[in-house]
Amino acid sequence: MQLGVLYREQRRADDAEPLLHGALDASRRVHGVEARQTLDAMDELAQVHMARENYTEGERLEAQALQVARRTLGEDDPATITYMNNLSYVYSLQKRATEAKPLYEAAFPIMCRVWGDEHPYTLETRGNLARMMGEEGRFGAGEAEFKAILEIKRRVLGDSHAHTVNILIDLADIHELQGRPADAAAAYEQVLAIRRRV
């Protein structure tokens, strides 16, 4: 399975998919359909399908992994939280915010409790919720969330880290949505200055 994961991470979906299909089939035979190894293989294969924009299959696999994980591992297990977040992401990619948002909202407090407020996955989910706030027209709330996330990422990762820069871009985007071009331009200029340095 590890070679398939490596290929997926390298964006080599054509190479990853058959290996991950094989790993999933083998894990089902050896460990059973409810084993963590099987659920992880399902999740990895779902990620390949999402990368190929085959959202229907990615969603099916993530939903199945989440259903089994909730029953066998419990809500607070890191694997369950990951599958919940990944299923939310599949919905988001399909512009299905009404299905994504409840899962993000359910995952976020569990992530805070299990991993802490500053864990990268917790911050990623918090950022996804902030984006949804902007999409809903709740610009002030979204902006406040992005500013809080940006402060944490600057402190933990530094100003030049890609994840920090991405949140700065999100902040600029929400300023644009608010009709604040000067604030958006200032944030984009910070991004440009960082990218020139790095």
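Look a little higher up for the structure.
Attention in this report is confined to the structure presented alongside it. (Residues numbered from 1 in each chain as written. Predicted model: local features only at pLDDT ≥ 70, side-chain atom pairs only at ≥ 80, totals over all residues. Heavy atoms only, no water.)

1. Digging into helix H6 (residues 97-114)
Here is step 1: Look at H6: 25 Å from first C-alpha to last across 18 residues, which is about the 26 Å you get at 1.5 Å a residue.
Here is step 2: Taken as a whole, H6 has its buried residues at Ala100, Leu103, Tyr104, Ala107, Ile110 and Met111.
Here is step 3: One or two positions beyond H6, positive phi appears at Gly116, with a value near 100°. (Helix = DSSP H or I, 4+ residues; strand = E, 2+ residues; numbered from the N terminus. Expected span 1.5 Å × (residues − 1). Buried < 20%, exposed > 50% of the residue type's maximum accessible area, 1.4 Å probe, protein only.)

2. Digging into unusual backbone geometry
Here is step 1: Of note, Arg11 is a non-glycine position whose phi angle comes to about 60°, a positive value.
Here is step 2: Note on placement: Arg11 falls in the loop between helix H1 (2-9) and helix H2 (13-30).
Here is step 3: One non-glycine residue with positive phi stands out, namely Glu53, at about 65°.
Here is step 4: Following the sequence through the fold, Glu53 ends up in the loop between helix H3 (36-51) and helix H4 (55-72).
Here is step 5: With a relative accessible area of 58%, Glu53 lands in the exposed category.

3. Let's talk about the nonpolar core
Here is step 1: Judged by nonpolar contacts, the single largest core of 31 residues is most densely connected at Leu39 and Tyr83.
Here is step 2: Put simply, the parts of the chain that give this core at least two residues each are H1, H2, H3, H4, helix H5 (78-93), H6 and helix H7 (120-135).
Here is step 3: Setting aside residues no more than four positions away along its own chain, Tyr83 makes contact with Arg36, Leu39, Asp40, Asp43, Glu62, Ala65, Leu66 and Ala69.
Here is step 4: Counting 15 residues, the second largest nonpolar core, distinct from the first, contains Val165, Ile167, Leu168 and Leu171. (Core = buried A, V, L, I, M, F, W, Y, C linked by side-chain atoms within 4.5 Å. Contact = heavy atoms within 4.5 Å.)

4. What about the pattern of salt bridges?
Here is step 1: Scanning the model with the defined rule gives 21 salt bridges in all.
Here is step 2: Where Glu57 meets Arg60, a salt bridge forms, and the shortest distance between an N and an O atom there is 2.5 Å. Of this pair, Glu57 and Arg60 both sit in helix H4, three residues apart, which is roughly one turn of that helix.
Here is step 3: Among the ionic pairs, Glu136 bridges to Arg138, the shortest N-O distance being 3.0 Å.
Here is step 4: Assessed through its relative accessible area of 40%, Glu136 is described here as partly exposed.
Here is step 5: Residue Arg138 is classed as partly exposed on the basis of its relative accessible area, which comes to 39%.
Here is step 6: One network of salt bridges, with partners in common, ties together Lys101, Glu105, Glu136 and Arg138. (Salt bridge = Lys/Arg side-chain N within 4 Å of Asp/Glu carboxyl O.)

5. Focus: the side chain of Glu143
Here is step 1: By the element assignment, Glu143 lies in helix H8 (residues 139-157).
Here is step 2: The contact partners of Glu143, leaving out residues within four places of it in the chain, are Leu171, Ile174, His175, Gln178 and Arg180.

Geometric values such as these leave the question of function open.
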